[in-house]
Amino acid sequence: MKIQLTHTFEDIISLENLLEAWKEFLRGKRNKKDIQEFERNFMGNIIQLHSELSSKNYKHGGYQSFKINDPKPRNIHKASVRDRLLHHAIHRKLYPFFDNVFTTDSCSCRLNKGTHKAVNRFREFAYKASKNNTKTCWVLKCDIRKFFDNIDHEILINILESHIPDKSIILLLKEIINSFSAKQEGVGLPLGNLTSQLFVNIYMNEFDQFMKHKIKAIYYIRYADDFVVLSDDRAYLANLIPAIKEFLQESLKLGLHPKKLSISTIASGIDFLGWVNFPNHRILRTKTKQRMFKKISDKNFQSYLGILKHGNGRKIENDILSKYASILINGQAV
């Protein structure tokens, strides 16, 4: 039996949790028009939401759709303010529990993880797999095809039920999950919901556990729909592919992107999470550099310099400092 969530439905929908969730949700959004409209009758809106949740009459609203290019085209679906507030309230109670369920090397959308931790872990694994660069290190690199669009609602709900005994919580999660479908009914999660980020990690935790405990892949890292396995044995990695494909298809109804599946050596350079990794160093991917120069501003200047410190980015850093010297005062962005 899987470990069980101890929070109740009442813990999630309480006025206290809704108000704390609002504080978190509000950060960086105070100037948004829809936020200001919600705040005009703030307590009335909060009490109305709480009342609907308490009486089990809550219905998730629709979505506003728009496209972004970051870096590839993505369809974002934005829920209403009250629905997004509820997403935060749910996340506050569910995330800490599930974060303890996830494997160490699941790195996306988690506190104290992220891309930097993932690429540092990659470097650590590369040293271990290559016996401190005394053996050739091979990397199996995979990408799941149309990740968010192919999350099966029924499978996701079954996974949630295995951890959450409170039926009222499950009904609420069903309402959110079933509020959106991609190309076919009952399949797909919206890019844009905070709950979606948690749900895909819960979904893919089944695969993470399979890789760690069934396949027993020691040097395995996953970030969202990208994952790698490192080894000094190329044949071992090649033999993993059929088992990986079978589990993803049979258990999660997911497939690998055929054009993004490869087995290569570290010496040839492994493109992983924006960095091209080599045995003793890593450099920014060309497209990442181009996007950085295109989007850099006084608001993200220091963040970009921070990113460059995680690899061999001295030349790029000097180029940025030269190009944007006019926005620096004593080494700080204006």
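Each remark here, short or long, concerns the structure printed above.
Attention here is on the structure that accompanies the text. Source: prediction; values computed, not measured. One numbering rule holds for all chains: residues counted from 1, following each sequence as written. pLDDT decides what is reported in this predicted model: residues at 70 or higher carry local features, side-chain atom pairs at 80 or more are listed and counted, and totals for whole chains, interfaces and linings draw on all residues regardless. With hydrogens and water set aside, each side-chain value is computed from the structure's full complement of heavy atoms.

Observations regarding the pairing of strand β6 (residues 262-265)
For every residue, the accessible area obtained with a 1.4 Å probe (protein chains only) is divided by the maximum for its type, and the residue is called buried under 20%, exposed over 50%, and partly exposed between those limits. Comment: elements are numbered from the N terminus, with helices defined as DSSP H or I runs of at least four residues and strands as E runs of at least two. Here β6 shows one buried face, formed by Ile-263 and Thr-265, and one open face, formed by Ser-262 and Ser-264. In this analysis, strands are considered paired if DSSP registers two or more bridges between them. Pairing between strand β3 (residues 138-143) and β6: four bridges, direction antiparallel. Bridge pairing in β6 links Val-139 to Ser-264.

Quick word on the sheet that holds strand β8 (residues 275-277)
Within a sheet, neighbouring strands are paired by backbone hydrogen bonds and run either parallel or antiparallel to one another. Taken together, three strands build an open sheet; the order of strands is β7-β8-β9 and the sheet is antiparallel. Every other strand in the sheet has two partners, leaving β7 (270-272) and β9 (282-284) as the edge strands with one partner each. For this sheet, the mean angle separating the axes of adjacent strands, direction not counted, is 30 degrees. Strand direction decides the pairing type here: β7 and β8, joined by three bridges, are antiparallel. Each bridged residue has a counterpart across the sheet, and for Asp-271 the counterpart in β8 is Val-276. Residues count as neighbours in contact if any of their non-hydrogen atoms are within 4.5 Å of one another. Note on geometry: axes are lines fitted to C-alpha atoms, helical ones only across the stretch in contact, with angles between N-to-C directions running from 0 to 180 degrees. On top of the sheet, helix α6 (residues 114-129) reaches β7, β8 and β9; it is set at about 150 degrees to β7, its chief contact.

Structural notes on unusual backbone geometry
Positive phi, close to 65 degrees, is recorded for Lys-56, a residue that is not glycine. Note that Lys-56 resides in the loop between α4 (42-54) and β1 (64-69). The partly exposed category is assigned to Lys-56, whose relative accessible area is 49%. In this structure, Asn-112 takes a positive phi of about 60 degrees despite not being glycine. Classification of Asn-112 by relative accessible area gives exposed; the value is 66%.

Things to note about the pattern of salt bridges
One side-chain nitrogen of Lys or Arg within 4 Å of one carboxyl oxygen of Asp or Glu is enough to make a salt bridge. Under the counting rule described, the total for this entry stands at 16 salt bridges. Among the ionic pairs, Arg-30 bridges to Glu-39, the shortest N-O distance being 3.9 Å. A salt bridge links Asp-208 to Arg-222; the shortest N-O distance between them is 2.9 Å. Placement of Asp-208 in helix α9 (residues 194-214) and of Arg-222 in strand β4 (residues 220-223) is noted, with a sequence separation of 14 residues between them. We note that Asp-208, like Arg-222, is buried. Taken together, the salt bridges that share partners define one network made up of Asp-105, Arg-121, Glu-124, Lys-128 and Lys-212.

Some remarks on the environment of Phe-227
When you line up the elements, Phe-227 lands in strand β5 (residues 226-231). The spatial distance from the C-alpha of Phe-227 to the C-alpha of Lys-141 is 6.1 Å, given a sequence separation of 86 residues.

Focus: the nonpolar core
Side-chain atoms within 4.5 Å are what join buried Ala, Val, Leu, Ile, Met, Phe, Trp, Tyr and Cys residues into a set we call a nonpolar core. Membership of the largest hydrophobic core comes to 70 residues, with the highest contact counts inside it found for Leu-160, Phe-207 and Leu-252. At 10 residues, the largest contribution of residues to this core is made by helix α5 (residues 81-101). Residues lining this core come from more than one domain, with at least three contributed by each of domain 1 (1-101) and domain 2 (106-151 + 189-281). Those residues in contact with Phe-207, other than ones at most four positions away along the chain, are Tyr-220, Phe-227, Ile-244, Phe-247, Leu-248 and Leu-252. By size, the runner-up hydrophobic cluster in this structure holds 18 residues, among which are Ala-118, Ile-266, Ile-270 and Phe-272. The domain limits used here are those given by an automatic or database domain assignment.

Considerations on the sheet that holds β5
Strand order in the open sheet formed by four strands is β4-β5-β3-β6, and the pairing between neighbours is antiparallel. Strands at the two margins of the open sheet, each flanked by one partner only, are β4 and β6. Neighbour-to-neighbour, the strand axes of this sheet turn through a mean angle of 20 degrees, independent of strand direction. Sheet topology note: the β3/β5 ladder contains six bridges and is antiparallel. Looking at β5, one finds that Lys-141 is bridged to Val-228. Relative to the sheet, α6 contacts β3, β4 and β5, its axis offset from that of β4 by approximately 165 degrees. The sheet strands contacting helix α10 (residues 234-252) are β3, β5 and β6, and the helix crosses β3 at an angle near 20 degrees.

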